[in-house]
Structures are given as C-alpha cells and as structure tokens.
Amino acid sequence: MFEIFGIPSQALFGQLLLGLINGSFYALLSLGLAVIFGMLNIINFTHGAQYMMGAFTAYLLLQYWGINYWAALVIVPIAIGATGIIIERFLLRRLHQLDPLYGLLLTFGLALVIEGLFRNYYGASGQPYNVPESLQGGHNLGFMFLPNYRAWVIVFSLVVCFCTWFAIERTRLGSYLRAATENPTLVRAFGINVSRMVTLTYGFGVGLAALAGVMAAPIYNVSPQMGSDLIIVVFAVVVIGGMGSIMGAIVTGFALGIVEGLTKVFFPEASNTVIFAIMVVVLLVRPAGLFGRSA
Amino acid sequence: MASAADVPAMRFGRETAWSLGVAAAIMVVFLIAAPFVLYPVFLEKALCFALFACAFNLLIGYVGLLSFGHALYFGWASYLAAYAAKSWGLPPELAILIGTATAAVLGVIAGGLAIRRQGIYFAMITLALAQMMYLVALRVKLTGGEDGIQAVPRGRLFGVFDLNAEMTMYVFVLVVVLAGFFLIFRVINSPFGEVLKAIRENEQRAISLGYNTDRYKLIAFVLSATLAGLAGSVKALVFQLASLTDVHWTMSGEVILMTLVGGLGTIFGPVVGAFVIIAMENYLAPFGQWVLVIQGAIFVICVLIFRRGVVGELANWLGVKL
C-alpha cells in the first residue's frame, strides 16, 4: 500500500478502473451514435433506452428462462438490434427527406415510450444482476484489487470497438458504408441497396447499445432510467469528440471516462459535471470538436 | 426545421393579417371568460407554459434552432424568483425581475456556447448544458435539493394588489403572459424577425448578404431564454414552489411537445399546444407513468403524420396565417 499525491493507491486506481469502465460504455454508446449519424444523419435519442432494454432483456432472460450472461451477450444485441431494424424500416425511413431534427424528436418520443413502459412494469427501483460465475472474484495486483468482471468489460469493449473500427475502415463492406455516407445517390447507381444498408446500420448501432447494456447489467443496477441520464453524458462526449471519426469516438469515450474517474478522486463534488465542463472548454477552444471536421 | 413544405408560408401580406386579429380576439375573449368556468390555477399554469412554449417557438419556429435545454432558463428563473421572494422577502415584481434576469444571463452564456455549432450539435449542446445545471441544482443549497423551495409567498404586487386572491393572480398572470406573447409577435414581424427567418431558410445566404448571423442568433436565443425565465418566475409564484422538476430534461421535452402539438412556427400554436398538454396531464395524472408513454407516443405521431400541429393544420385548411 502506497500513496500518490496523498491519495492511497487503492482509491486512486480503484476510481481509475471505474473511470475506464464508464469510459467503455461512453465509447460503445458514442460509437453507435456516430455510426448511426454517419448513415442516417440523425441523432438517435433512443440510444439510452435501447441500452436500458439491453440490460433489462438480459435480466429478464436470466430471471424467467435461466438463460445466462454469455448467451445473453449474443442473443440480446441481436434481439434489440432487430427491434431497431423495425424502427428504422417503419418509422425513421419516413423522415428521410426531412430536417434531421425531426429524427431527433421522433427518437426522443420513442425513448419516452420505452422508458415509461418499463417504469410501469418494473417501477423505478433497480434490479440486481449477478456477475457470471466464471468471472466472479478478482486479482490483487499489489497496488489495487482488480475484479475479474471489470477487467473483462474493459477488454471486451476494447475488442468490440476495435472490430467495429476495423469493419468500417478496413473492409469492403465498410468502404461501401463510407461511400454511402458521402454520396448515397452515386453508391445506389453502382447497384448497391443503400436503403437496406441504412436499415442494417441502424440495427447494428442499436445492437451495440444493447451489448453495452448487457455488459452494464452486473455493474450497475438494472433500472428503467439507467439509460436516460447516461445518454445525455454521451451526447456531451459526442460533442467533445465530434462524430466525424470512428476512432475519435472510441478514444474520446475512454479518455473522458478516465478523466471522470480521476476527478472523483481529486474533486469528488465535480465528478458528475466534469464532462460537461470539458465540453464547454472544447466549444470555446475548438468548436468543431477534437476529432471533428468543421462543417 | 427549414424545409419549406412543413412550415406554413411565412408571407405576411395585408390580406392575411385579419386572421391574426380574429384569432387574437378569440384568444383574449377565451382567456377573460375562462376563469369563470375553469379552475384559475389550472389556467394560470397553462398560461405560464403557453408563454414558455411561445419563447421556445421563437427559436425553433423562426430561427430553426432546436434548443433541447429550455428547462434550464425556466427552472433556474423559477428558483431565483422563489428564493428572492422567500428568503429575501422581496415583492413579487422584483422577485420576477430577478428570476427573469437570471434566465437572461444564463441565456447569454449557454447561447454563446451553443451557437458555436449548428443543427443537431446545437440541440445536444443545449441539452448537455441544461443537464449540467440540473446537476448543480441538485447540489447547491439555494435550490433546496430534493425538497425544492416550498411555500413561496405570493406577496402584494406593487404593494397594492394581493396576489393571494386567486382572481387577482389570474389577471396578473394573464397580463404578463399576453405582454410576452405580443412582444414575441412584434419581434417576429419586425425587420429583425425577417432576418431571423432568413437565417432559418438559408444561413449561408444571410451571411453572404452581410448579416452577422451569430449575433442575430444569440439575440434571439437570449430573448427566448429571458421569456422562458419570465414564465418560470411567474410559475414559481403561482404554485408557490420551485422544484427539480422544472430544471429536469423532461421539462425541456415537454415544452418541445407543446410547441410541436400546437404547430412549430405558428404564432398561436404554442398557446394551443400548452393548453392541450396541460389539460391532458391533468386528466392523466392518476395513471402515473402512462403519462410518459402517452407523451412519447404523441411525439412520434406528431413527427410522423402531424408535423404542422393543430394550429398549422387549421391555418392550412383555412388558407390563412395563424
């Protein structure tokens, strides 16, 4: 046990770890938002609700059918992603020709509906979700105690983020996607079904949110309002990073999580506003965002 | 919301001006007669929200800026007005002045930051700033945290009119709200308002015509925030309460909903929308969380098939401007 700046290492690294965990979720969610924004040109306000649905679905699967965490990790993103596909196909598609602000309003409305429904049936209180057996316990690293599950969340979300980046920036499918983002009409002229790509992109982004939800379930309590507060922070993350770059979204997400964790150590009372404060500074210094291209 | 198909034509010739006069007359007559039929407190609440929605509509309807954080000005003005009236014992007119001034200052700061980005980012920034100030409200002593500021004295207006008498209060609220309403009306029909509409339709063109669009946007933003603050300050006196509900993002959502239901970019839409939503909430209050679901559903329906809103549809049907 030693101290850094008068702070016990246990506390410092503990908060740093928590920051990295939060950062994982910021990264996964802002990544999803960025991918959806790139293709659909809308901000998906339902993202927080879809994250919450992910966590809740994992909880319900375990509760009623005994389906464990690992299976949920696969089933839930696909199931919630499928609901996203339905939303895009039947609702968002009708707004294609309109100002993107209508998309924001529509998805905001959907978020209210989803959150309201869950609150009706499950109340506002949180439901616990146990850490899967194989990931219980942890390791003492000497300077801190590292719970296995938390280590898993960080590593796994890094892997997911990297795979998404790779798929979009380095594969043929990703190149179609980027081309369609730049000029959908031209890509359509090459015989590619852009509408279907838009639908699948939305489904994928929603699936990412749901995946984050499943991963969050054992860490935070599963509750209907877990998404709405988080999504506003993620919006600030997105404003700071700018949605122009996939890597930018990932890096900003993790970095802000760490900053938030450190703030919790040194200025605990500012910890939940620090990301907003950083957003203000970024707007003053670099209005286009850290990774953004100015419009 | 710049696409021309959604917003009723903004031409404002002599031939349509009569429709506005008629509508204004109907509104005023209704509001004068209403307290004899409906509960004054309900009407006062609806009027406060009508002014709030009109202030919000000034931005979305006439400059094309979607602020997702208008609860910030409404709620913080409400806090400061309540605090001034209760802790400092100031008369209602000064309490309202302090609340409104608070909103103006917040509007200058938040507006100055938010207009640095366009479109969808603008909405996210205003939302994030409002959330930040919500978290501040949760912490600082002045707001009373979870309890809010309760039992705010209504006091005597100008030392003469006792606002504890419900009818006096109603008349006061009505005068304030109508004054705010006509101020907004004058602004959007002034040369200044024409520049705002030009920015909404095509900001680049307005810039190329030599207008400093950022300054116009900021002035409109501050005006909107200030009037939202006026609504919030009056609300604090009406309910004798300032609470976290007023600064929460759901409040920002509610004012958007009111404006959307009534009709974005229409003059009377926000007033109608506010009355519709407040009435709905009154009737649905016993159903708890269903209110959230229904509000959300109305959002979805409005965006999908009812983008003109009640007043917009009516104006379109009658072929006049409302």
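How each quantity is defined
Residues numbered from 1 in each chain as written. Chains lettered and ligands numbered in written order. Predicted model: local features only at pLDDT ≥ 70, side-chain atom pairs only at ≥ 80, totals over all residues. Helix = DSSP H or I, 4+ residues; strand = E, 2+ residues; numbered from the N terminus. Rg over C-alpha atoms; globule rule 2.2 N^0.38 Å. Buried ≥ 20, exposed ≤ 12 C-beta atoms within 10 Å, placed from the backbone. Contact = placed C-beta atoms within 7 Å. Core = buried A, V, L, I, M, F, W, Y, C linked by C-beta atoms within 7 Å. Nonpolar A, V, L, I, M, F, W, Y, C, P; charged D, E, K, R; others polar. Expected span 1.5 Å × (residues − 1). Axes fitted to C-alpha atoms, helices over the stretch in contact; angles between N-to-C directions. Parallel < 35°, antiparallel > 145°, perpendicular 65-115°, else oblique. pLDDT = per-residue confidence, 0-100. Left-handed = near helix turned anticlockwise from the far one by under 90°.

### A look at the overall build of chain A
Here's step 1: Across its full length, chain A carries eleven helices and four strands.
Here's step 2: Here the C-alpha atoms of chain A give a radius of gyration of 19 Å, agreeing with the 19 Å that 2.2 N^0.38 yields for 295 residues.
Here's step 3: Considering chain A as a whole, with its 295 residues, one finds that 51% of them fall into the buried category.
Here's step 4: Long-range contacts, defined as pairs at least 24 residues apart, comprise 77% of the intrachain contacts of chain A with a sequence gap of at least 6.

### Thoughts on the overall build of chain B
Here's step 1: The helix and strand tally for chain B stands at 13 helices and two strands.
Here's step 2: Computed over its C-alpha atoms, the radius of gyration of chain B comes to 19 Å, within 12% of the 20 Å expected for a compact globule of 322 residues.
Here's step 3: Its C-alpha atoms give chain B principal-axis dimensions of roughly 50 × 45 × 40 Å.
Here's step 4: Looking at chain B as a whole, 53% of its 322 residues are labelled buried.
Here's step 5: Look at the contacts in chain B between residues 6 or more apart in sequence, and 78% of them connect residues 24 or more apart.

### What about unusual backbone geometry?
Here's step 1: With phi around 65°, Asn41 of chain A is a residue other than glycine that occupies positive phi space.
Here's step 2: Position of Asn41 of chain A among the secondary structure elements: in the loop between helix H1 (9-40) and helix H2 (47-65).
Here's step 3: For Gln240 of chain B, which is not a glycine, the phi torsion comes out positive at approximately 55°.
Here's step 4: With respect to the secondary-structure elements, Gln240 of chain B resides in the loop between helix H9 (213-239) and helix H10 (249-262).

### A look at the nonpolar core
Here's step 1: Counting 208 residues, the largest nonpolar core has Leu51 and Ala128 of chain B as its most contacted members.
Here's step 2: Once residues within four sequence positions are removed from consideration, Ala128 of chain B is found in contact with Ile232, Phe235, Ala236, Val239, Phe276 and Met279 of chain A.

### Thoughts on the interface of chain A and chain B
Here's step 1: Between chain A and chain B, the contact holds 35 residues from the first and 37 residues from the second.
Here's step 2: If you list the elements that add at least two residues to the side of chain A that touches chain B, you get helix H4 (100-122), helix H9 (226-241) and helix H11 (274-285) of chain A.
Here's step 3: Taken together, the residues that form the side of chain A that touches chain B break down as 25 nonpolar, five polar and five charged.

### As for the environment of Ile294 of chain B
Residue and element names in this part refer to chain B.
Here's step 1: Mapped onto the secondary structure, Ile294 falls in helix H12 (residues 290-305).
Here's step 2: You can call Ile294 partly exposed: it has 17 C-beta atoms within 10 Å.
Here's step 3: Separated by ten residues in the primary sequence, Ile294 and Leu284 place their C-alpha atoms 9.2 Å from one another.

### Digging into H10 of chain B
Counting along an α-helix, one turn takes 3.6 residues, and residues three or four places apart therefore face a common direction.
All names here are of chain B.
Here's step 1: Along its 14 residues, H10 runs 20 Å from first to last C-alpha, staying within 8% of the 20 Å computed at 1.5 Å per residue.
Here's step 2: The element H10 is extensively covered by neighbouring structure, given that 13 of its 14 residues are classed as buried.
Here's step 3: Looking at the residues trailing H10, positive phi occurs at Gly263, about 130°.

### Looking at the packing of helix H2 (residues 40-62) of chain B against H10 of chain B
Helix-helix packing is characterised by the crossing angle of the two axes and by the distance between the axes.
All names here are of chain B.
Here's step 1: Packing of H2 against H10 brings their axes to within 9 Å, and their N-to-C directions diverge by 80°. As the angle between them shows, H2 and H10 are arranged roughly perpendicular. Residues Phe49, Phe52, Ala53, Phe56, Asn57 and Ile60 of H2 lie in contact with H10, whose contacting residues are Val255, Met258, Thr259 and Gly262.
Here's step 2: Across the contact of H2 with H10, the residue classes break down as seven nonpolar, three polar and no charged.

### Details of the confidence of the model for chain B
All names here are of chain B.
Here's step 1: Per-residue pLDDT for chain B averages 88, and the proportion of residues at 70 or more is 95%.
Here's step 2: Scored below 50 in pLDDT, residues 1-10 shows 24 contacts in the model against residues more than four places distant or in partner chains.
Here's step 3: In the predicted complex, the global pTM is 0.89; the interface-specific ipTM is 0.88.

### A short note on the packing of H9 of chain A against H11 of chain A
Residues and elements named next belong to chain A.
Here's step 1: H11 packs onto H9 with a crossing angle of 25° between their chain directions and a minimal axis gap of 9 Å. In terms of orientation, H9 and H11 fall into the roughly parallel class. The two elements H9 and H11 cross, and the hand of that crossing is left-handed. Only Ile275, Phe276, Ile278, Met279 and Val282 of H11 make contact with H9, whose side of the interface consists of Val233, Ala236, Val237, Val239 and Ile240.

### Some words on the environment of Val195 of chain B
Here's step 1: Assignment of secondary structure puts Val195 of chain B in helix H7 (residues 191-201).
Here's step 2: In this view, Val195 of chain B contacts Ala206, Tyr211 and Tyr216 of chain B; residues no more than four positions away in its chain are not counted.

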